[in-house]
Amino acid sequence: MDAVGVLTEALSRIPDGLRRAVEGLSPAQLVAAPTEGANPISWLAWHIGRGQDAQVAALTGAEQVYLAGDWAARFGRAPDPDDTGYGHGPDDVRSVRPESAEALLEYLDAVVEATRAHLATLTEADLDRVVDASFDPPVSLGVRLVSIVDDGVQHVGQAGYARGQLGA
């Protein structure tokens, strides 16, 4: 398996982990913070999709999946391309109110499908292309994709832990 295949496999596992964390939860359970000040499962799951969607769209020049349908409304949000969860304060976190666990999963599935389609066009040499020179060292496409995987895996783990804290 080459590096693009490894990244594709890693990104493809995130929805399965999230599915285990959210399936069967009610909207009230999704928005319940496991402890005071902690991020609820709803925000964690939404942020996984939003972070990946916005970053991959920026890399490809494609429209964000979030903006191409009624996704924002399904989460009680406005269709803002910059609303990804980065920089959210407590009020912003609590305002992410998905209609259901299925909405969270369907959105992430759509994002992962768009990501997989982009990854299918890449070669290993493409992964060395610098996508952000503002860092030292500059960030390559491969490093950015690893960051997306890392963020998703961390938040899936947090969502699973939060589910356990809820006793669900």
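To be clear, the structure that these remarks concern was listed above.
Here the structure is a predicted model, which is why all the values come from computation and not from measurement. (Residues numbered from 1 in each chain as written. Predicted model: local features only at pLDDT ≥ 70, side-chain atom pairs only at ≥ 80, totals over all residues. Heavy atoms only, no water.)

1. Section: helix 3 (residues 41–60)
Consideration 1: Taking 1.5 Å of rise per residue, 20 residues should cover 28 Å, and helix 3 covers 29 Å from first to last C-alpha, within 8% of that figure.
Consideration 2: Backbone geometry just after helix 3 places Gly 61 at a positive phi near 80°. (Helix = DSSP H or I, 4+ residues; strand = E, 2+ residues; numbered from the N terminus. Expected span 1.5 Å × (residues − 1).)

2. Side note on the packing of helix 3 against helix 8 (residues 141–166)
Consideration 1: Following both chains from N to C, one finds helix 3 and helix 8 inclined at 170°, their axes separated by 8 Å at the closest point. As the angle between them shows, helix 3 and helix 8 are arranged roughly antiparallel. (Axes fitted to C-alpha atoms, helices over the stretch in contact; angles between N-to-C directions. Parallel < 35°, antiparallel > 145°, perpendicular 65-115°, else oblique.)

3. A short note on the nonpolar core
Consideration 1: Judged by nonpolar contacts, the single largest core of 42 residues is most densely connected at Leu 18, Val 22, Phe 75 and Leu 145.
Consideration 2: For this core, the secondary-structure elements that each account for two or more residues are helix 1 (3–22), helix 3, helix 4 (65–68), helix 5 (71–74), helix 7 (101–119) and helix 8.
Consideration 3: It is helix 7 that provides the largest number of residues to this core, a total of nine residues.
Consideration 4: Residues within four places of Leu 18 in sequence aside, it is in contact with Ala 45, Ile 48, Leu 105, Leu 108, Val 156 and Ala 159. (Core = buried A, V, L, I, M, F, W, Y, C linked by side-chain atoms within 4.5 Å. Buried < 20%, exposed > 50% of the residue type's maximum accessible area, 1.4 Å probe, protein only. Contact = heavy atoms within 4.5 Å.)

4. Description of the packing of helix 1 against helix 3
In helix packing, the relevant descriptors are the interaxial angle and the interaxial distance, both defined with respect to the helix axes.
Consideration 1: At a minimum axis separation of 11 Å, helix 1 and helix 3 run at an interaxial angle of 165°. In terms of orientation, helix 1 lies roughly antiparallel with respect to helix 3. Seen from above, helix 1 lies across helix 3 with left-handed handedness. Here helix 1 contributes Leu 11, Ile 14, Leu 18, Ala 21 and Val 22 to the contact with helix 3, which in turn contributes Ile 41, Ala 45, Ile 48 and Gln 52.
Consideration 2: Across the contact of helix 1 with helix 3, the residue classes break down as eight nonpolar, one polar and no charged. (Left-handed = near helix turned anticlockwise from the far one by under 90°. Nonpolar A, V, L, I, M, F, W, Y, C, P; charged D, E, K, R; others polar.)

5. Overview of the environment of Ala 68
Consideration 1: Here Ala 68 shows up in helix 4.
Consideration 2: Spatially, the C-alpha atom of Ala 68 lies 11 Å from that of Val 111, the residues being 43 residues apart in sequence.

6. Some details on the side chain of Ser 12
Consideration 1: Inspection of the secondary structure assignment puts Ser 12 in helix 1.
Consideration 2: Apart from the residues lying within four places of it in its own chain, the contact partners of Ser 12 are Val 112 and Arg 116.

7. Examining the side chain of Asp 151
Consideration 1: The topology assignment puts Asp 151 in helix 8.
Consideration 2: Discounting chain neighbours no more than four positions away, the residues touching Asp 151 are His 47 and Tyr 86.

8. So, helix 8
Note: α-helices contain 3.6 residues per turn, so residues at a spacing of three or four share the same orientation.
Consideration 1: Its 26 residues place the ends of helix 8 38 Å apart at the C-alpha level, agreeing with the 38 Å of an ideal helix rising 1.5 Å per residue.
Consideration 2: Trailing helix 8 by a residue or two, Gly 167 shows a phi angle of about 75°, which is positive.

9. Some words on the environment of Leu 30
Consideration 1: On the secondary structure map, Leu 30 appears in helix 2 (residues 27–31).
Consideration 2: Taking relative accessible area as the criterion, Leu 30 reaches 0% and is therefore assigned buried.
Consideration 3: Separated by 14 residues in the primary sequence, Leu 30 and Leu 44 have C-alpha atoms spaced 9.6 Å apart.
Consideration 4: Contact partners of Leu 30, with chain neighbours within four places excluded, come to Val 22, Leu 25, Pro 40, Ile 41, Ser 42, Pro 98, Ser 100, Ala 101 and Leu 104.

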